[in-house]
Amino acid sequence: MNDPYLNAQSQLRSVAKLIKADEEIINKLSIPDKLLTLSLPVRMDNGSIRTFIAYRSQHNNSRGPYKGGIRYHHLVNEAEVKALSMWMSWKCAIADIPYGGGKGGIIVDPRELSAAELERLSRAYVRAIAHDIGPDLDVPAPDVNTTPQIMDWMLDEYIKVSGNKSKATFTGKSVDNGGSLGRTEATGYGGVYVMEELLKAEKVKKDNLTIAIQGIGNVGYYFASLAHKNGHKIVAISDSKGGIYNAKGIDPKLALEFKQKEGRLSGMEGTKIIGNEQLLELKVDVLVPSALENVINADNADKIKARYIIEMANGPITPEADEILFSKKILSVPDVLANSGGVTVSYFEWYQNIHNEKWSKEEVLKKLKDNITRAFKQTYSKRKELGVNMRMAAYALAVAKVIEAFKKQEL
Ligand code: GLU
């Protein structure tokens, strides 16, 4: 089953049973509060008009404003944004930050647009959702293929349209424009903090730990760079076109430089070419899917040989695959915990904007590390207590928190 929304609903149903949740509340939580479907006319550089389809899904705001990124990808669809918005609700609850869940997306391959077209598209998106966002209402951020520059354009447009000058409507902005130091690294670094805690908890000897990372976007790259700095061996890394392998280890900085120069990873000195599917099936200590959904599914779960998985992408493992991995005793740290570093530092950014503060990078990363370590420990012990996988343990904690907040509202 590779429909991410059905997967998200099925995960919710499983945890509802586990925590004996009220069925009607679960019915409510399995559907987003609101889904905006938009058609955006954009003037292209050659004078023609192109219409883009876009979404914003607001899943639940019982714990605070809707929060979540905006994705630019040609495969964006309604089911995906709905699922991603639900996962954000659980992620913010696990991270213990005062937000609900939201997510947006535009069906576009941003590589096909000029910078000016991308700017006009981003501004058109904000004009279409302006009434539904704001620092206390819904706070968007970057996601796949969206950048601090795009957040800056969006905030500028929002200020123009709404007259609300607060910078806290968007997070993940550039540092000169109210962005937080450490936000760019936050998701990747947060994943490494979680991995180090996991290794400690599992008493894994750390010398020569091997890691394979699928994806070298913002998240995969910063994960790789801190893991490399911590002395681990990145034996494989990939982008959407394919990957490279070197049993002796790859320096992620050199790999990124090579990719930026050559437009691809294949051909980097000392490395062998491998496919993205092959990368997932390598015999490594830690596998880090760091790209898109459903890459580990019923078809390949049986072939996974890693001991541990750190889910840096959102939704990379389907529910069927989860069961197979559990029976193979492969321990996977779920997305809602492993990649929660990004939204956690988004919260720090929002907080700094509202209180007119500027924190140092050290302070931001220290707070992030403390917070994600706490969330990991809580989930790890919940897993032992319930005898379930880490996803169900994380969900048990998160969904219970959202339900508690939901019940406090007057209906
Ligand atoms: N897009 C990121 C995520 O999936 C970050 C969201 C945010 O910072 O609001 O968690």
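Now for a quick tour of the structure. Here the structure is a predicted model, which means the values were calculated and not measured.

Helix and strand content of the protein chain: 14 helices and 12 strands. Taken over the C-alpha trace, the protein chain has a radius of gyration of 20 Å; the compact-globule value for 411 residues is 22 Å, and the two agree within 12%. Across its three principal directions, the C-alpha atoms of the protein chain cover 55 × 55 × 40 Å. Relative to its 411 residues, the protein chain shows a buried fraction of 60%. Taking all contacts inside the protein chain whose residues are at least 6 apart in sequence as the whole, residues at least 24 apart take part in 69%. Within the structure as shown, the protein chain displays about 17,100 Å² of accessible surface, and the carbon and sulfur contribution to it stands at 51%. Mean positive and mean negative side-chain charge positions of the protein chain (56 and 50 charges, respectively) differ by 4 Å.

Next up on the list: helix H1 (residues 4–19). Over its 16 residues, H1 runs 22 Å from end to end, which matches the ideal 22 Å to within 8%, given 1.5 Å per residue. Pro4, Tyr5, Asn7, Ala8, Gln9, Gln11, Leu12, Val15 and Ala16 are the residues of H1 that are buried. In this fold, the buried residues of H1 make contact with helix H2 (23–29), helix H3 (78–94), helix H10 (319–327) and helix H14 (390–408). Between a side-chain oxygen at the N-terminus of H1 and the backbone nitrogen of Tyr5 the separation is 2.8 Å; the capping residue is Asp3.

The next subject is the site of the ligand. Taken together, the neighbourhood of the ligand is formed by 14 residues, with Lys67, Lys91, Lys103, Asp143 and Ser346 sitting nearest. Within the contact set of the ligand, an oxygen atom lies 3.1 Å away from a side-chain nitrogen or oxygen of Asn314. Residue assignment for the shell around the ligand shows that the elements contributing at least two residues are strand E3 (66–73), H3, strand E5 (138–142) and helix H12 (341–355). Residue composition of the shell around the ligand, grouped by class: 4 nonpolar, 5 polar and 5 charged.

This brings us to H14. If you check H14, its first and last C-alpha atoms are 28 Å apart, about what 19 residues at 1.5 Å a residue would give, namely 27 Å. Sitting at the amino-terminal end of H14 is Asn389, which places a side-chain oxygen 3.2 Å from the backbone nitrogen of Arg391.

Across all of its chains, the model carries 12 aromatic pairs by this definition. Relative to Tyr395, the ring of Trp90 lies with its centre 6.2 Å away and its plane at 55°, an arrangement referred to as tilted. Here Trp90, found in helix H3, pairs with Tyr395, found in helix H14; they are 305 residues apart in sequence, far enough to count as distant. Across the pair, Tyr395 and Trp90 agree in class, each one buried. Ring geometry for Tyr351 versus Trp359: centroids 5.8 Å apart, planes at 45°, classification tilted. For Trp359, a relative accessible area of 11% corresponds to the buried category. Members of the aromatic cluster, joined through ring pairs, are Tyr99, Tyr347, Phe348, Trp350, Tyr351 and Trp359.

The subject of this paragraph is the side chain of Arg71. Tracing the sequence through the fold places Arg71 in strand E3. Note on Arg71: relative accessible area 3%, which makes it buried. Polar side-chain contacts of Arg71 include one of 2.9 Å to the side chain of Glu293. Residues within four places of Arg71 in sequence aside, it is in contact with Val76, Glu80, Leu84, Gly104, Gly105, Ile106, Asp143, Val144, Leu292, Glu293 and Asn314.

In this section: unusual backbone geometry. The phi torsion at Asp96 lies on the positive side, around 60°, for a residue other than glycine. Here Asp96 is to be found in the loop between H3 and strand E4 (101–107). You can call Asp96 partly exposed: its relative accessible area is 43%. If you check the backbone angles, Asn145 has positive phi at about 65° while not being a glycine.

So, on to the nonpolar core. Formed by 85 residues in total, the largest nonpolar core has its most connected members in Trp90, Met195, Ile211, Phe223, Ile310 and Val333. Tallying contributions element by element places H14 first for this core, with 11 residues.

Right, let's talk about the pairing of E5 for a bit. Across the 5 residues of E5, 5 count as buried, placing the element largely inside the fold. As paired elements, E3 and E5 share 5 bridges and run parallel to each other. Directly across from Tyr66, in E5, lies its bridge partner Asp138.

Attention shifts here to the environment of Asp33. Relative to the helices and strands, Asp33 resides in the loop between H2 and strand E1 (34–43). With a relative accessible area of 31%, Asp33 lands in the partly exposed category. Sequence spacing of Asp33 and Lys17 is 16 residues, and the spatial spacing of their C-alpha atoms is 22 Å. Setting aside its immediate chain neighbours within four residues, Asp33 contacts Lys28, Gln58, His59, Asn60, Asn61 and Tyr66.

Where strands meet in a sheet, backbone hydrogen bonds hold them as pairs that are either parallel or antiparallel. As summarised here, the arrangement of the 7 strands in space is E9-E8-E7-E6-E10-E11-E12, forming an open sheet in which the pairing is mixed. Both outer strands of the open sheet, strand E9 (272–274) and strand E12 (331–333), are each paired with one neighbouring strand and no more. Pairs of neighbouring strands in the sheet enclose a mean axial angle of 20°, with direction left out of account. Note that strand E7 (residues 233–239) and strand E8 (residues 242–245) share 4 bridges and pair antiparallel. Paired with Ser238 across the bridge in E8 is Gly243.

About the thresholds
- Residues numbered from 1 in each chain as written.
- Predicted model: local features only at pLDDT ≥ 70, side-chain atom pairs only at ≥ 80, totals over all residues.
- Heavy atoms only, no water.
- Helix = DSSP H or I, 4+ residues; strand = E, 2+ residues; numbered from the N terminus.
- Rg over C-alpha atoms; globule rule 2.2 N^0.38 Å.
- Buried < 20%, exposed > 50% of the residue type's maximum accessible area, 1.4 Å probe, protein only.
- Contact = heavy atoms within 4.5 Å.
- Areas by Shrake-Rupley, 256 points an atom, 1.4 Å probe, with all protein chains shown as cover.
- Lys, Arg positive; Asp, Glu negative; His and termini not counted.
- Charge placed at Lys NZ, Arg CZ, Asp CG, Glu CD.
- Expected span 1.5 Å × (residues − 1).
- Polar contact = N/O pair within 3.5 Å; in protein donor to acceptor, adjacent residues only side chain to side chain.
- Near = heavy atom within 4 Å.
- Nonpolar A, V, L, I, M, F, W, Y, C, P; charged D, E, K, R; others polar.
- Phe/Tyr/Trp six-rings, centres within 6.5 Å; stacked < 30°, edge-to-face > 60°.
- Core = buried A, V, L, I, M, F, W, Y, C linked by side-chain atoms within 4.5 Å.
- Pairing = 2+ DSSP bridges.
- Axes fitted to C-alpha atoms, helices over the stretch in contact; angles between N-to-C directions.

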